[in-house]
Amino acid sequence: MNKNQILIPVDELPNKWYNIIPDLPEPLPPPKEPESGPSRMEFLQKTMIHECLRQESSTENWIRMPDEIWELYVQAGRPRPLYRALRLERRLGLKRVRLYYKREDLSPTGSHKVNTALAQAYYAAKEGKTTLVTETGAGQWGTALAYAASLMNLDCVIFWVKSVYDWKVDRRTLMKVYGGKVYASPSKETKIGEEILAKNPNHPGSLGIAVSEGLEYTAEHEGSIYCLGSVLNHVLMHQTIIGLETKKQFELIDDKPDLIVGCLGGGSNFGGVSLPFIGDVLKGKLECEFLAAQSEAAPNLVKGEYRYDFADVGEHTPLLKMYTLGHKIEMPPIKADGLRYHAAAPIISLLRHLGIVKAIAYPVDEKAIFEAARIFLQSEGWLIAPESSYAVRAGIDKALEYEKAGEEKVILMNISGHGFLDLQAYKEKLGIP
Ligand SMILES: *Cc1c(COP(=O)(O)O)cnc(C)c1O
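Conventions we followed
Residues numbered from 1 in each chain as written. Predicted model: local features only at pLDDT ≥ 70, side-chain atom pairs only at ≥ 80, totals over all residues. Heavy atoms only, no water. Domains from an automatic or database assignment. Contact = heavy atoms within 4.5 Å. Buried area = accessible area lost by both parts, 1.4 Å probe. Salt bridge = Lys/Arg side-chain N within 4 Å of Asp/Glu carboxyl O. Helix = DSSP H or I, 4+ residues; strand = E, 2+ residues; numbered from the N terminus. Nonpolar A, V, L, I, M, F, W, Y, C, P; charged D, E, K, R; others polar. Phe/Tyr/Trp six-rings, centres within 6.5 Å; stacked < 30°, edge-to-face > 60°. Lys NZ or Arg CZ within 6 Å of the ring centre and 35° of its normal. Near = heavy atom within 4 Å. Polar contact = N/O pair within 3.5 Å; in protein donor to acceptor, adjacent residues only side chain to side chain. Areas by Shrake-Rupley, 256 points an atom, 1.4 Å probe, with all protein chains shown as cover.

### Here we look at the domain arrangement of the protein chain
Next, step 1: Along its sequence, the protein chain is carved into domain 1 (5-13 + 77-110 + 233-429) and domain 2 (18-65 + 113-226).
Next, step 2: The C-alpha centroid of domain 2 is placed 23 Å from the C-alpha centroid of domain 1.
Next, step 3: The partner domain 2 presents 50 residues to the 48 residues of domain 1 that form the contact.
Next, step 4: Counting the surface domain 1 buries against domain 2, the share from its top three residues, Thr109, His234 and His316, is 16%.
Next, step 5: The tally of links from domain 1 across to domain 2 stands at one salt bridge.
Next, step 6: Of the charged contacts in the structure, one is a salt bridge between Asp23 and Lys283, with a shortest N-O distance of 3.5 Å.
Next, step 7: For the side of domain 1 that touches domain 2, the elements supplying multiple residues, two or more each, are helix H11 (233-252), helix H12 (268-282), strand E12 (305-310), strand E13 (319-324) and helix H14 (346-353).
Next, step 8: It is H11 that contributes the most residues to the side of domain 1 that touches domain 2, ten residues altogether.
Next, step 9: Its residues placed into classes, the side of domain 1 that touches domain 2 shows 24 nonpolar, 14 polar and ten charged.

Put into structure tokens, the structure is as follows:
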């Protein structure tokens, strides 16, 4: 059996998602209405996909995916390989520690976000919607949704934070080639955007404004529906396809992880890879630790408080119980833009509160992060996203620690995306002329 690249046949691609909620040791604190203002739950009923809202509070352990979503996953290249990082191990001088990585970077748009984008596009089409609307910060989510919309013959409208829209020209082009309508936010497409532009025509935008624009656009345009790319329970559940595949892959080679690391912004790739394994830990079937790698720019799990907070700056969502830095916090810019989010998903937050998930945050200068990305590229050959490089940094650090302590351990790192549209960041951070 080849132990470098571990593949399962297409026919073994799981056809159910894993919902951890009924297996949690404590009930997941439900969403709450804030004390003032309109009902946020009613607002979500009006703006979001009904099947996703049903899944959000489902108490079933397994949710069968419609055949068409299963086929879309195959179309998108699933199942994705699990790699043993033999060359990285050699480069680090590891004798006792084995390193593996899961390849979400092999996705069409370059990130794991297609796993939920395809599901949401499918359900939206089923519910008779014609247009998917969203906001995007780093751009990965907007690209994934534009892709999913085009495969399902839907329109896609993306409000992209202007300061990022302006410089990520290649990603913007990719969204447009998929057929997405991409607006720099604040835009003239909405009242709120126009008001902001009237006061300051050069406003750089923010995620909060982009969300508000997206929601206003959805409310004003018949056939539109708003989509979210992280944090919510159903998003994490769609992402469990990552961990479910990985479990089968480990079974195939008769190995198992002692530590799973993933980067964490809102928690969807980390939840996706780890929740199926956490389920086994909760049932006493596996011993494994879980480590979320974050930036000190947004250390929600490391420094946040576990309390009810809004999921967006504009206070459109219900209150969710999360580790949060506060929904109004300003976060310094970093190259791993996808990790800049004020709070961690409710499911991950509860698991952190119970001590099952641990977290670490790396300095804002990202020197150590890009150095890890370079080591990974030079030994394994793959150019990974700045966000994913946090997982690799944490994986390398833990591997060296175990090795030094003489412990025989297996580490799994999730590679959430590729870095082909982030070469500018590599250039800058590694000082390449
Ligand atoms: C969006 C994104 C992240 C962060 O989001 P999570 O929901 O925490 O996974 C990480 N990596 C990549 C490549 C992303 O696009």
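### As for the packing of aromatic side chains
Next, step 1: All told, the structure shown has 14 aromatic pairs when counted by the stated rule.
Next, step 2: The ring of Tyr100 carries the charged tip of Arg84 above its face, separated from the ring centre by 5.8 Å.
Next, step 3: For the cation-ring pair, Arg103 lies above Tyr83, with the distance from its terminal atom to the ring centre recorded as 4.9 Å.

### Some remarks on the site of the ligand
Next, step 1: Taken together, 16 residues are adjacent to the ligand, and Lys113, Ser230, Gly265, Ser268 and Ser416 come closest.
Next, step 2: Contacts to the ligand include Lys113, whose side-chain N or O atom sits 2.6 Å from an oxygen atom.
Next, step 3: A distance of 2.8 Å separates an oxygen atom of the ligand from a polar atom in the side chain of Asn269.
Next, step 4: Across the complex, the protein chains shield 97% of the 380 Å² of accessible surface that the ligand would expose by itself.
Next, step 5: Of the residues contributing to the shell around the ligand, the split by class is two nonpolar, twelve polar and two charged.

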